[in-house]
Amino acid sequence: MAKLLIAGGRHPLQGTIKISGAKNAAVAIIPAAILTSAPVRIENLPEINDIQALVEILEFLGVHAQWESPSTLSVDASTLDKWEPPYELVKKLRASYYLIGALVGRFGRAEVPVPGGCDLGPRPIDQHIKGLTALGAKVEVEHGIIKVEAKKLIGANIYLDIVSVGATINIMLAAVRAKGKTVIENAAKEPEIVDVANFLNAMGAQIRGAGTDVIKITGVSELGPVNHSVIPDRIEAGTYMIAAAATAGNVLLCDVIPKHIDPIVAKLREMGVTVDVADDQVRVIGCHLPQAVDIKTFPYPGFPTDLQSLAMVLLTQANGSSIITENVFEGRFKHVDELKRMGARIKVEGRTAIIEGCSQLSGAPVRATDLRAGAAFVVAGMLAEGETVISDIGHIYRGYEKICSKLNSLGANITEID
Ligand code: EPZ
C-alpha cells in the first residue's frame, strides 16, 4: 500500500493554487442524476476516489456515465435497471447512502448495503430512515442491507431530531418526486445542500428554502435535463488556508466562494493571521506566532467539524493553550494519539481537547484515520523536524484532489512511496 513521505523543516508555503469542486456536493449530485432519464452534465467535479467509486456504482446499475474531461461527467440514466448496488462498491464511501433517496425517488425502491463505518464514531442513519418512512416508504434493515419500498411517495412534514447534512439531502432526493408538499424542519444549512437543491431545481424540481432550516419541496412527476457546475470545496480551501497559516507562508487560493469560508476566515484573523478575501480568491499570510484561540465545531455556519483536525495542528504552534470542542461527531479525536506521537501536547476529555502551543513536532510514522485527519498529518509533517510517513493514504485520496502536487507546487516536499 502506498504511503506519503513528508519532509519537515517548516518551509513557508508560497504561491497560488486552484480549489476543486466540492466533494460533499458532488457525492450527492452524482446519485441525484439518476432521478431523471434525460441527459445530465456535471462540471467541476473533483478528481477523487469517492467520485470514481460512485461512477462505478452507477455503471453497475445500468447507467451510462461518460467522462468528457477529467472534471466533466455526462450521465444518461435512461437505461438504469437495477436498484441493488453491491456491498463491495458501496462500502468504499459512506455517501453511497444518497443512492437510497435517489433510487426511491426514481423507482420507489432501493436495496442498499448499510454504508461503511467510519473513524468518526457511530454514524447512524436513523434520521434518513425517519424521513423516508414519513414519505410513505417501508424501510427494513436486515443482513446489513437497507431495503426500501414505496408504492407511492406522499409529501410529508418532517422535523429532524438532529441537524444532519446526509438526512436533509437524502430526504430531498426522494421528496422531489413525492406527490404533494414536503417540509423538512431543523434541516442542515450547508452550502453543499444548496448546490444539490440548485441542481435539482435546474432539472425541474420545486425546492425552496435550501440553506435555511426549513426546506419546502413540491413534488413533480418528471425531472428533465440539466447542465450544472459543482461549487468550490470550502473544506479543501480551509485545509490549504490552515496549511499556509501553520507554515507562516503566503498563499493565494483561487476559485472560492467567500461566504462559504467565513468561519475559517474569522478564526484565522482571531489568531492574528492576515486573510485578504476578494471576489473568488482568498490570500492567507501566516505569522510566526499565531495567537491561541478556542474553537467549537458546529453545523454550518459554525466552524466545520471537517477542519477540526487541521485546526488542531495549527493550534500546536500557537502562543498559549487552546480548547477545541467537537460538537458534531462524538468520535472525532482519533487523530490526537497520532499527533501526540509527533510531539503534540494535547489532552482530551470527552468532546473537549486542550492543545498546548509552541510545540516542536517531530516526524514519525502515522496512520490516517479519516481523510481530514490524513490531511492534518500532512500539515503536521511539514511543520515537524525530520520525516513523517503517513500510511492508509487511501483516505486522503478519497477527498483531496492532487493534494501532493498542489502542496509541492507551494514548496512542500511530499513524495508517494511504496
Ligand atoms: C456530512 O456527513 C459530510 N459527509 C461529513 O464530511 C461532515 O463531517 C458532516 O456532514 C457534518 O458536516 C458528506 O457530506 C459525504 P451528518 P453526514 O448527518 O451527512 C448524527 C468529510 O470529511 N446523525 O450531518 O454523515 C451524526 O452521527 C465528511 O468530508 C444521526 O444521529 O453527517 C453526527 O453526529 C466526514 N442520525 C451528526 O448527526 C442520522 O440519521 C451530523 O451528521 C444522521 C446523522
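One can find the structure itself at the top, above this paragraph.
Values in this document were obtained by computation on a predicted structure and should not be read as measured data.

Participant: I'd like a rundown of empty space enclosed by the protein, residues and numbers included.
Facilitator: Applying the stated criterion across every chain yields a total of 3 cavities of 30 Å³ or more. Within this model, the largest cavity holds a volume of roughly 50 Å³. Every residue lining the largest cavity is listed: Ile242, Ile264, Lys267, Leu268, Met271, Ile295, Phe303, Ala311, Leu314 and Leu315. Put simply, the parts of the chain that give the lining of the largest cavity at least two residues each are helix H9 (262-270) and helix H10 (308-315). For the lining of the largest cavity, the class distribution of residues is 9 nonpolar, no polar and 1 charged. For the second largest cavity, the full set of lining residues is Ala22, Lys23, Asn24, Ala25, Glu192, Asp233, Arg234, Ile235 and Arg372. Sorting the residues of the lining of the second largest cavity by element identifies helix H1 (23-32) and helix H8 (234-246) as the ones contributing at least two each. Tallied by class, the residues present in the lining of the second largest cavity amount to 3 nonpolar, 1 polar and 5 charged.

Participant: Hey, could you go over the site of the ligand for me, with residue numbers and the actual values?
Facilitator: Of all residues adjacent to the ligand, which total 26 residues, the nearest are Asp126, Gln127, Ser164, Asp306 and Val328. Between an oxygen atom of the ligand and a side-chain N or O atom of Ser164, the distance comes to 2.7 Å. One of the backbone nitrogen or oxygen atoms of Val165 is found 2.8 Å away from an oxygen atom of the ligand. Against a free-state accessible area of 820 Å², the protein chains account for coverage of 89% of the ligand. Elements supplying a minimum of two residues to the shell around the ligand: H1, helix H5 (126-134), helix H6 (165-175) and helix H12 (371-383). Per-class residue counts for the shell around the ligand are 13 nonpolar, 6 polar and 7 charged. When residues of the shell around the ligand are sorted by domain, at least three fall in each of domain 1 (3-20 + 232-417) and domain 2 (23-229).

Participant: Describe the sheet that holds strand S22 (residues 387-391), and please don't skip the residues or the numbers.
Facilitator: Spatially, the 4 strands line up as an open sheet ordered S21-S22-S1-S23, and their pairing is mixed. Here the strands that pair on one side only, and so sit at the sheet edges, are strand S21 (365-367) and strand S23 (414-417). Adjacent strand axes in the sheet meet at a mean angle of 25 degrees when their direction is disregarded. Note that S21 and S22 share 3 bridges and pair parallel.

Participant: A description of the sheet that holds strand S6 (residues 109-113) should follow, citing residues and the corresponding values.
Facilitator: A sheet is described by the order of its strands in space; here 3 strands give the open sequence S6-S8-S7, paired in antiparallel fashion. Looking along the sheet, the strands with just one partner apiece sit at the ends: S6 and strand S7 (138-142). Across this sheet, the average inter-strand angle for adjacent strands is 10 degrees, counted without regard to direction. Pairing of S6 with strand S8 (residues 145-149), which is carried by 5 bridges, proceeds in the antiparallel orientation. Residue pairing for S8: Arg109 is matched across the bridge by Glu149. This element, helix H4 (residues 98-107), spans S6 and S8 of the sheet and lies at about 160 degrees to S6.

Participant: Give me the lowdown on the nonpolar core, citing residues and values where you can.
Facilitator: Ile100, Met172, Leu173, Phe199, Leu200 and Ile207 are the most contacted members of the largest nonpolar core, which totals 79 residues. Leu173 has contacts with Ala32, Leu35, Tyr98, Gly101, Ala102, Gly105, Val196 and Leu200, leaving out every residue within four places of it along the chain. The next biggest cluster of nonpolar side chains, apart from the first, holds 73 residues, and it includes Ala237, Ile295, Ile324 and Ala384.

Participant: Describe H4, listing the residues and the values that go with them.
Facilitator: Here H4 lies mainly inside the structure; 9 of its 10 residues are buried. Lining the buried residues of H4 we find H1, helix H2 (49-60), S6, H5, S8 and H6. Once H4 finishes, Gly108 follows within two positions and takes phi at roughly 85 degrees, a positive value.

Participant: Give me the lowdown on the pairing of strand S16 (residues 281-285), citing residues and values where you can.
Facilitator: Here S16 shows a buried face lined by Val282 and Val284 and an unburied face lined by Gln281, Arg283 and Ile285. Sheet topology places strand S14 (residues 250-254) next to S16; 5 bridges connect them, and they run antiparallel. Residue pairing for S16: Cys254 is matched across the bridge by Gln281. Note that strand S15 (residues 274-278) and S16 share 5 bridges and pair antiparallel.

Parameters at a glance
- Residues numbered from 1 in each chain as written.
- Predicted model: local features only at pLDDT ≥ 70, side-chain atom pairs only at ≥ 80, totals over all residues.
- Heavy atoms only, no water.
- 1 Å grid on protein atoms, 1.4 Å probe; cavity = no way out; pocket = protein on both sides within 12 Å on 5 of 7 lines; lining within 4 Å.
- Points joined across faces, edges and corners; volume = space filled by probe spheres on them.
- Helix = DSSP H or I, 4+ residues; strand = E, 2+ residues; numbered from the N terminus.
- Nonpolar A, V, L, I, M, F, W, Y, C, P; charged D, E, K, R; others polar.
- Near = heavy atom within 4 Å.
- Polar contact = N/O pair within 3.5 Å; in protein donor to acceptor, adjacent residues only side chain to side chain.
- Areas by Shrake-Rupley, 256 points an atom, 1.4 Å probe, with all protein chains shown as cover.
- Domains from an automatic or database assignment.
- Pairing = 2+ DSSP bridges.
- Axes fitted to C-alpha atoms, helices over the stretch in contact; angles between N-to-C directions.
- Contact = heavy atoms within 4.5 Å.
- Core = buried A, V, L, I, M, F, W, Y, C linked by side-chain atoms within 4.5 Å.
- Buried < 20%, exposed > 50% of the residue type's maximum accessible area, 1.4 Å probe, protein only.

That is the geometry; function is a separate question.
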